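Residue-level listing of the chains:
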Amino acid sequence: MKKINILITGFIVLAGLIYLSSCEERLPQDYTPYNPTPVTASNINLDYPPAEFYPQPVVLASDTPTFKIDGVYTFRIDTATTSGGSFVLNNFDIDKETGVITYDNTNGSLTPGDYAVDVSVSNTNGLAKIPQAFTFKVLSVPISISVDNPIVDAGALQEGVIATVSYTDDSGGDIAEVTYSLDPEITGFAIDPASGEISKTSEAETGKTHMLSVRVVTNLGSVTFTDVVTVNVGPPPTIQFVQQDGSTPLVKVTVSPWSSYTSQPPVLTGMESSGGWELILADTVAQELKDAMSIGADGSVTISADGNIPEGDYWVGAKATNGSGISFEFPAQFTVHVEKRWESSPVFFEDFNNTTTTPEDVNAYNSALSSNVQNGGHITGLFKAVKTENTSKDQMFQTAKMSENKIDGGFANHFETTLTIELAIGADWRDLRVSFNDMFGYGNNRLDWYSRTLGWAYSNADVVAGIYDPANWNILMADNDPDWASSAGTGQTGARDSDFNKVPPKEFGGIDPAQPMVYVTWWVGKVATATKGAVFHFDDLKVEVSTAFAAEEE
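What counts as what
Numbering of residues starts from 1 in every chain and runs along the sequence as written. Per-residue local features are limited, in this predicted model, to residues with pLDDT of at least 70; the limit for side-chain atom pairs, both in listing and counting, is 80 or more; totals at the level of whole chains, interfaces and linings are taken over all residues. Note: side-chain values were computed over all heavy atoms of the structure, leaving out hydrogens and water. Numbering of helices and strands starts at the N terminus; helices are DSSP runs of H or I of at least 4 residues and strands are runs of E of at least 2. Per-residue accessibility, obtained with a 1.4 Å probe over protein chains only, is compared with the maximum for each type, and a residue is labelled buried under 20%, exposed over 50%, and partly exposed between these values. Throughout, a contact is declared for two residues whenever any of their heavy atoms are within 4.5 Å. The protein chains shown are the only cover counted for residues, whose accessible areas, like all others here, come from Shrake-Rupley with a 1.4 Å probe. Whether two strands pair comes down to DSSP finding at least two bridges between them. Among buried residues, the Ala, Val, Leu, Ile, Met, Phe, Trp, Tyr and Cys ones that are joined through side-chain atoms within 4.5 Å form a nonpolar core. Interaxial angles span 0 to 180 degrees and are taken between N-to-C directions of axes, which are lines fitted to C-alpha atoms, for helices over the stretch in contact. One side-chain nitrogen of Lys or Arg within 4 Å of one carboxyl oxygen of Asp or Glu is enough to make a salt bridge. Two aromatic rings from Phe, Tyr or Trp, using only the six-membered ring of Trp, form a pair when their centres are within 6.5 Å; if the ring planes differ by under 30 degrees the pair is stacked, by over 60 it is edge-to-face, and anything between is tilted. A ring is scored as having a charge over it whenever the NZ atom of a lysine or the CZ atom of an arginine sits within 6 Å of its centre and within 35 degrees of its normal. Here a polar contact means two N or O atoms within 3.5 Å. Within protein one must be a hydrogen donor candidate and the other an acceptor candidate, and residues neighboring in sequence count only if both atoms are side-chain atoms.

### Brief notes about the overall build of the chain
If you tally the helices and strands in the chain, you get three helices and 35 strands. Counting across all 554 residues of the chain, residues that qualify as buried make up 43%. Expressed as a percentage of contacts within the chain between residues at least 6 apart in sequence, the contacts between residues at least 24 apart total 71%. For the chain, the exposed surface amounts to about 27900 Å²; the carbon and sulfur share of it is 51%.

### Quick look at the pairing of strand β23 (residues 312-321)
In terms of residue burial, β23 counts as a mostly covered element, since seven of its 10 residues are buried. Looking at chain direction, strand β20 (residues 276-281) and β23 are connected through six bridges and run antiparallel. In the strand pairing of β23, I280 is matched with G317. Hairpin connection of β23 to strand β24 (residues 327-338): five residues between the antiparallel strands, including G325 at a positive phi of 85°.

### Some thoughts on the nonpolar core
One finds L432, F436, L454, F508 and W522 to be the most contacted residues of the largest nonpolar core, which totals 32 residues. Listed by contribution, the elements that provide at least two residues to this core are β28 (416-424), β29 (429-441), β30 (450-457), β31 (474-477), β33 (517-526) and β34 (535-547). Of all hydrophobic cores here, the second largest spans 30 residues; its members include L157, V253, I326 and F330.

### Describing the sheet that holds strand β13 (residues 197-200)
Across the sheet, four strands lie side by side as β8-β10-β13-β12; this open sheet has antiparallel pairing. Taken across any chain shown, the strands that pair with only one partner, and hence form the sheet edges, are β8 (143-147) and β12 (189-191). Ignoring strand direction, the axes of neighbouring strands in this sheet form an average angle of 25°. When β12 meets β13, the two strands line up antiparallel, connected through three bridges. Following the sheet pairing, F189 is matched in β13 by K200.

### Considering the environment of V520
By secondary structure assignment, the location of V520 is in strand β33. A residue is classified by how much of its surface remains accessible, and V520, at 0% relative accessible area, is buried. C-alpha separation for the pair V520 and G455, spaced 65 residues apart in sequence, amounts to 5.9 Å. Every residue in contact with V520, bar those within four places of it in the chain, is listed here: L419, T420, I421, V434, L454, G455, W456 and F508.

### Details of the environment of G71
Position of G71 relative to the elements: it lies in the loop between β2 (59-61) and β3 (73-83). Given a relative accessible area of 40%, G71 falls into the partly exposed group. Through-space distance from the C-alpha of G71 to that of T37 is 8.3 Å; in sequence the pair is 34 residues apart.

### Comments concerning the pattern of salt bridges
Pairing is possible between side chains that carry opposite charge, provided their charged atoms lie close to one another. Scanning the entire structure with this criterion turns up 13 salt bridges. The salt bridge partner of D438 is R452, with a shortest N-O separation of 3.8 Å. With D438 in strand β29 and R452 in strand β30, this pair connects stretches of sequence that are 14 residues apart. Considered together, D438 and R452 belong to a single accessibility category, that of buried residues. Salt-bridge contacts for D481 lead to K506; the nearest nitrogen and oxygen are separated by 3.6 Å. Taken together, the residues span a long stretch of sequence, with D481 in the loop between β31 and β32 (501-507) and K506 in strand β32 at a distance of 25 residues.

### A few points about the packing of aromatic side chains
Inspection of the entire model under this criterion finds 23 aromatic pairs. For the ring pair Y450 and F536, a centre distance of 6.0 Å and an interplane angle of 70° mean the geometry is edge-to-face. Residue Y450 is found in strand β30, and its partner F536 is found in strand β34; the two are separated by 86 residues along the sequence. The pair formed by Y450 and F536 is uniform in burial state, with each residue classed as buried. Joined through ring pairs, the aromatic side chains of Y48, F53, F87, F92, Y103, Y115, F134 and F136 make up one cluster. The residue whose ring lies beneath R341 is F549, and the NZ or CZ to ring-centre distance is 4.0 Å.

### Concerning the pairing of β33
When you tally the buried positions in β33, you get 10 out of 10 residues, the bulk of the element. Residues M517, Y519, T521, W523 and G525 of β33 are buried on one face, and the alternating residues V518, V520, W522, V524 and K526, pointing to the opposite face, are buried as well. In terms of strand pairing, β30 meets β33 through eight bridges, oriented antiparallel. Along β33, the bridge assignment pairs R452 with V524.

### Side note on unusual backbone geometry
Between D183 and P184 the backbone carries a cis peptide bond, its omega angle lying at 5°. One non-glycine residue, D227, lies in the positive phi region at around 50°. Topologically, D227 is positioned in strand β15 (residues 221-233). For D227, a relative accessible area of 41% translates into the label partly exposed.

### Here we look at the sheet that holds β24
Within the open sheet, the five strands sit side by side as β20-β23-β24-β17-β35. Their pairing is mixed. Looking at strand neighbours, the two that pair on one side only are β20 and β35 (552-553), the edges of this open sheet.

### Concerning the side chain of S259
On the secondary structure map, S259 appears in the loop between β17 (252-255) and β18 (261-262). Within the structure, S259 has its side chain in polar contact with the side chain of S256 (distance 2.6 Å). Here F549 takes part through its backbone oxygen, which lies 2.5 Å from a polar atom of the side chain of S259. Residues contacting S259, with those up to four places away along its chain left out, are I303, S304, A305, A548 and F549.

If you want it as structure tokens, here you go:
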């Protein structure tokens, strides 16, 4: 079996050799291989006609060159050079077959000057480099310009036409279209593209010399004329608010919330203000100040009386407008400082220590002392409040001992007590504040059973009628106010002044001076079922007044 396979294989190999031998091709005896003429600079005779162009914003092209090249070939650009001009190399291109050279000048990058382009030509048998194969000239745009006002001294707020550019056609009639632009653009200046009028606005930077260059675009190309107009812009306007002496700079004015004030007219330099004035105030300025403040035709600032302006510091600025309607802002020129000042002598004070001071009878606190406008009180409820008479200790006002309110051994009945003082309002009063000392006994748990408030009103009719209605009173201290005494002290006989809780002044926030009377009331009442008694003490009651004072300039 193995011998047969060997014989068959040998036969196949022999047959293949015989077939290949029979297929052998014989070339003609006269065959000559193709060898194109080598490309060299001297034998291709590449010739471009020289050219001239205006720098038009189009694709510029050479004429088709003449040349002699055998076989397949290709053109390419090696490089380009210029004398006096400028260009972008990548904007050059060449047709690989015709050799036509183009330059894309749509962006105006080609400027007047002499140019030369080096070209390479290659085929299968060589490469030739022809330096300066194509030369051309870019002509200057045949136009010139003149300016009627080449040097301008302009005010900071001056607006309108300051100069006009005009052109002359130096081509003999080839210029058909002309448009103008500033190159580069400068904030505050513009040129009319058709008329060549250069205008200035108030946005131009002040206190500076601006050099304006003009770009002229024509049908033959564009050209930029550098620094054709010099504009000297003056300094910005200035303002100075002054004090009442008419010369000392005004930096700050201090007023009460109710003071009236009018400043001197400001000194304005560099512009006139016949177009009027406006106030400039920070966004955070209180609305009360905005309502109370105004500015006159001469720029003087006025704060009207009784504006009830919140305390604080507020800066004030102004905006002036001239007769042409052009405005200039002068922010933060001076500060208005608003503060309350409290009279050194209180309008009411009671320490309950002098038995000869009205009311000298403790029972006087059980009636409305309308005839006594300096101090007085009214107690309402089932039981009296008293003024302590313990001479070994300081005296004070004390509510009735709550344990006296027992009926059938309990505390089921309602209990409340008020101490009211009444004050005749002075014509110059604008705000009040009250301070006092307090204490309670006989344990901290009493505060779970009783409530305390401090309030004021223009009427005490409900208290006189024996009813305390909190809706009728402006509450200065609610029961949960942290300034109340929070720890129990002594009992009914009280303690010395130094043992009391000192309550800081509580401001009313402004009163109406047109009202005849104002009342201040301390109220204590039972708010839960009590199991034991309590007592509340009040001492050293003081009411202070704040009035408008004359404005003070700095």
